[in-house]
Amino acid sequence: MSRSAHPAGPRHADVYPEGHYTAPAADLNLLDEKVWARSVRRDDDGVVSVGGLAVTRLAEEFGTPAYFLDESDFRARCRAWADAFGPDADVFYAGKAFLSRAVVRWLREEGLNLDVCSGGELTTALDAGMPAERIAYHGNNKSVEEIERAVRVGVGRIVLDSFQEIVRVAHIAQSMGKRQRVQIRVTVGVEAHTHEFIATAHEDQKFGIALADGQAAEAVRRALRLDGLELIGIHSHIGSQIFDMAGFEVSARRVVQLLAEVRDEHGVELPEIDLGGGLGIAYTSEDDPSEPHHIAKALNEIVSRECESAGLATPRISVEPGRAIVGPTAFTLYEVGTIKPLEGLRTYVSVDGGMSDNIRTALYDAEYSVALVSRTSDAAPMLVRVVGKHCESGDIVVRDAFLPADLAPGDLIAVPATGAYCRSMASNYNHSLRPPVVAVNDGEARVIVRRETEEDLLRLDVG
Ligand SMILES: *Cc1c(COP(=O)(O)O)cnc(C)c1O
């Protein structure tokens with residue numbers, strides 16, 4: 001994400017010269033419900049709780065850093081997406097955002113489907129009892145072994161990503177005496193991030209088959225000819241952290257155009273379209289995500305309108321939210337270590353984790369918020385940069401934020417909206433131990449992914 005792509009207006013650092021920040025408008029003790037999981041509150045004693053459990057107690061029991069995930073919020077978001085799209089559409093949770101066996105069970109129970117993009121994700125899904133027909137398999141370079149297994153267990157769809165893969169999947173399915181349901185992933189020439197989208201994005205990327213130059217039409221032609229494949233539709237995924245429906249509008253129009261071409265050429269109306277994921281969430285108070293029912297209404301209207309004008313029956317729609325389901329449901333709890341005020345610049349606050357548990361700030365220049373959660377404070381706001389403990393100067397968790405000036409070592413601070421792409425992208429950099437994910441629900445806390453131990457590290461190091 002480039003700096004100019006930030007939707008929230010210019011950042012403090014772009015507006016104010018270093019050291020001349022204006023104080024934040026809101027009381028630092030207030031928690032903006034937009035960025036925190038639903039059961040998070042600040043209790044009367046000043047300590048923040050989730051699912052009725054105080055973070056001070058959670059830190060004692062599970063240690064820091066740790067991710068705390070609000071299970072009832074996760075389930076509620078699954079239901080909101082499923083209800084918004086209704087029985088005539090399919091919601092696939094994008095497992096790459098965060099996947100564990102408990103998550104798979106929640107998805108199963110709440111009626112969602114699941115996207116996987118590797119053998120490891122498929123194993124997790126099957127192990128936790130997700131029916132194979134509710135799984136979609138993605139990826140630009142699925143191995144032969146991965147395809148064989150996906151076909152053998154009977155995944156509901158494989159999303160074909162290249163000309164080679166069309167032939168490969170067809171061959172594998174045929175040799176097993178099967179006909180595999182597939183979609184073709186197309187690159188629609190739309191790129192969307194946050195509030196901006198480019199309708200004429202070049203197709204210079206590794207995913208999908210370009211609509212341009214008739215390549216996608218050629219892919220459909222080939223797929224329809226192969227006995228091992230049942231082509232059920234077209235897939236498109238245009239970006240991430242998207243707030244504006246305009247990019248989906250252009251993407252849907254172009255996909256429907258292809259469906260019309262396919263009908264004209266082959267006399268076949270493909271029954272499904274998948275519009276991908278990428279719906280945005282609030283990382284800071286400045287982000288304003290839409291509710292699932294607004295998104296569903298907008299997408300349904302766009303697709304119906306485009307199909308009507310092309311004289312096509314409206315296909316079954318599927319969507320693949322990852323971040324929008326799990327992102328807001330978790331926060332990372334850290335203990336404050338060293339505090340280093342740099343005169344005229346800012347104060348560096350070091351925590352006991354960092355880029356190994358949240359790489360998004362370093363990787364994408366992502367923005368996060370942060371709050372003091374183990375107590376309240378009436379001290380003045382101080383401008384901070386929350387950094388990790390790794391040997392890397394880019395090891396930043398929250399680039400610009402305000403915390404109370406009386407912050408001290410041992411205080412607990414929490415970074416909200418870390419449910420997506422934090423644990424799933426976590427690393428062992430500096431041989432750090434990846435933090436646990438603790439599910440909290442109605443007064444109970446349960447480890448769903450345990451903390452790594454030094455034995456785990458040594459087990460892989462065979463000497
Ligand atoms: C990553 C991805 C998603 C999920 O994206 P989010 O931003 O988490 O909603 C959905 N579909 C595909 C194909 C993806 O690659």
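All values reported here derive from a predicted model rather than from experimental measurement. (Residues numbered from 1 in each chain as written. Predicted model: local features only at pLDDT ≥ 70, side-chain atom pairs only at ≥ 80, totals over all residues. Heavy atoms only, no water.)

A. Representation of the pairing of strand S21 (residues 396-404) in the model. The buried count for S21 comes to nine of nine residues, which makes it a mostly enclosed element. Bridging between strand S20 (residues 381-387) and S21 involves six bridges; their strand directions are antiparallel. Residue pairing for S21: Val386 is matched across the bridge by Val398. (Buried < 20%, exposed > 50% of the residue type's maximum accessible area, 1.4 Å probe, protein only. Helix = DSSP H or I, 4+ residues; strand = E, 2+ residues; numbered from the N terminus. Pairing = 2+ DSSP bridges.)

B. How the structure looks around the sheet that holds strand S14 (residues 239-242). Ordered in space as S11-S10-S14, the three strands form an open sheet in which the pairing is mixed. Whereas interior strands pair on both sides, the edge strands pair on one side only; in this sheet they are strand S11 (196-198) and S14. Taking the axes of each pair of neighbouring strands and ignoring which way they run, one obtains an average angle of 20° across the sheet. Note that strand S10 (residues 191-194) and S11 share three bridges and pair antiparallel. Bridge pairing links Ala192 to Phe197 in S11. (Axes fitted to C-alpha atoms, helices over the stretch in contact; angles between N-to-C directions.)

C. Layout of the pattern of salt bridges. For the structure on display, the rule yields 31 salt bridges. Here Arg75 makes a salt bridge to Glu110, at a shortest N to O gap of 2.9 Å. Of this pair, Arg75 sits in helix H3 (residues 71-85) while Glu110 sits in helix H4 (residues 101-110), and the two are 35 residues apart along the sequence. Under the relative-accessibility criterion, Arg75 is labelled buried at 14%. Asp264 is the salt-bridge partner of Arg263, the closest N and O atoms lying 3.0 Å from each other. A relative accessible area of 21% places Arg263 in the partly exposed class. (Salt bridge = Lys/Arg side-chain N within 4 Å of Asp/Glu carboxyl O.)

D. A look at the environment of His266. Within the element layout of this structure, His266 appears in helix H9 (residues 246-266). Judged by relative accessible area, which is 28%, His266 ranks as partly exposed. Placed 46 residues apart in sequence, His266 and Val220 show a C-alpha to C-alpha distance of 9.7 Å.

E. Here's a closer look at the site of the ligand. Neighbouring the ligand are 14 residues; Lys96, Gly278, Glu320, Arg323 and Tyr421 lie closest to it. At 3.0 Å from an oxygen atom of the ligand is found a main-chain nitrogen or oxygen belonging to Gly322. Coverage of the ligand by the protein chains reaches 92% of its 390 Å² of free accessible surface. Taken together, the residues of the shell around the ligand break down into three nonpolar, six polar and five charged. (Near = heavy atom within 4 Å. Polar contact = N/O pair within 3.5 Å; in protein donor to acceptor, adjacent residues only side chain to side chain. Areas by Shrake-Rupley, 256 points an atom, 1.4 Å probe, with all protein chains shown as cover. Nonpolar A, V, L, I, M, F, W, Y, C, P; charged D, E, K, R; others polar.)

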